[in-house]
Amino acid sequence: MGTAEWDSLRKQARHLENDIDLKLIAFNKVGVGAASGGTSTAAGSSDTSPLLGDHVFETLSIEIEQMLDKLSNINEKMAELPANGTAVMHVLQRHREILHGYRQEYLKIQANHTTRIEREELLRGSGLGNSTIGSPSTSGLSRRDMYLKENTHLHNSSSLVNDQISIAMETKEHLSSQRQHLKRFQTRMHDISNRFPMISSLIQRINIRKRRESLILGAVIAVCTILLLLYAFN
């Protein structure tokens, strides 16, 4: 009895998974069409097409949510049945992964659709809202102007980026030039030290004498300190 119930639930799960897969494909197409439906230039379609696309999108969204909930309930019923081995657990885990993937895809399509709508609303601003109702040509022109403005903004941004890259390249060349000057200066100093070994030897002797004097002075101070301590304790 448990095996028959398991097989029945598994068939229902597979059938729902196939239906959800098809629904998600249509859901994605409708989402893209609803967000860009206003770009149609055919007479009378720019006002009705976005509304129709939004209505179909909302309808598909509700249907997919219901199907996902139903598939989740079937998976829970399958999990409640006594497991008959690792193969059953693997199949159940696979159905759960498929459900999770469908939910992620559903949320992704919804988020992309919302982002496109918000982007178009932001680009539309108040110019499209002030267009005359029932005038599709005005709406189309406003939308074309909107995309032209966006193209201009992108071109300006690209120009700014190119300017920044040019400044960075000039800075790099300037730093490279300074590096070459420092290398030349170092080479000259090395050549001078090689030409005048007596100067280098004299500098070394001076350093050695300074160290010797420092050691002698430190020894004298240490001896004096010890003598003062002995005198103070005695």
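Here the structure is a predicted model, which means the values were calculated and not measured.

1. Re the packing of aromatic side chains
Given two aromatic rings, their pairing is described by the distance between the two centres and the angle made by the two planes. Applying the stated criterion across every chain, the model contains 2 aromatic pairs. Ring geometry for Phe-27 against Tyr-106: centres 5.5 Å apart, planes inclined by 25 degrees, an arrangement best described as stacked. One end of the pair, Phe-27, is in helix α1 (residues 2–36); the other, Tyr-106, is in helix α3 (residues 86–124), with 79 residues separating them in the sequence. Of the two residues examined, Phe-27 and Tyr-106, each falls in the buried class.

2. Focus on the confidence of the model for the protein
Model confidence for the protein is summarised by a mean pLDDT of 77, while 77% of its residues fall at 70 or above. For the protein, per-element mean pLDDT is lowest for helix α4 (residues 136–195), which scores 77, and highest for α3, which scores 85. Every residue in residues 38–49 is under pLDDT 50, and counting partners more than four places away or in other chains gives 17 contacts.

3. Description of the pattern of salt bridges
Applying the stated criterion across every chain, the model contains 3 salt bridges. A salt bridge links Glu-63 to Lys-23; the shortest N-O distance between them is 2.7 Å. Here Glu-63 is found in helix α2 (residues 48–80), whereas its partner Lys-23 is found in helix α1, with 40 residues between them in sequence. Glu-63 gets classed as partly exposed once you look at its relative accessible area, which sits at 29%. Across the pair Arg-103 and Asp-69 runs a salt bridge whose closest N-O atoms are separated by 3.5 Å. Note that Arg-103 is positioned in helix α3 and Asp-69 in helix α2, a separation of 34 residues in sequence.

Here is what the cut-offs are and how they apply
Residues numbered from 1 in each chain as written. Predicted model: local features only at pLDDT ≥ 70, side-chain atom pairs only at ≥ 80, totals over all residues. Heavy atoms only, no water. Phe/Tyr/Trp six-rings, centres within 6.5 Å; stacked < 30°, edge-to-face > 60°. Helix = DSSP H or I, 4+ residues; strand = E, 2+ residues; numbered from the N terminus. Buried < 20%, exposed > 50% of the residue type's maximum accessible area, 1.4 Å probe, protein only. pLDDT = per-residue confidence, 0-100. Contact = heavy atoms within 4.5 Å. Salt bridge = Lys/Arg side-chain N within 4 Å of Asp/Glu carboxyl O.

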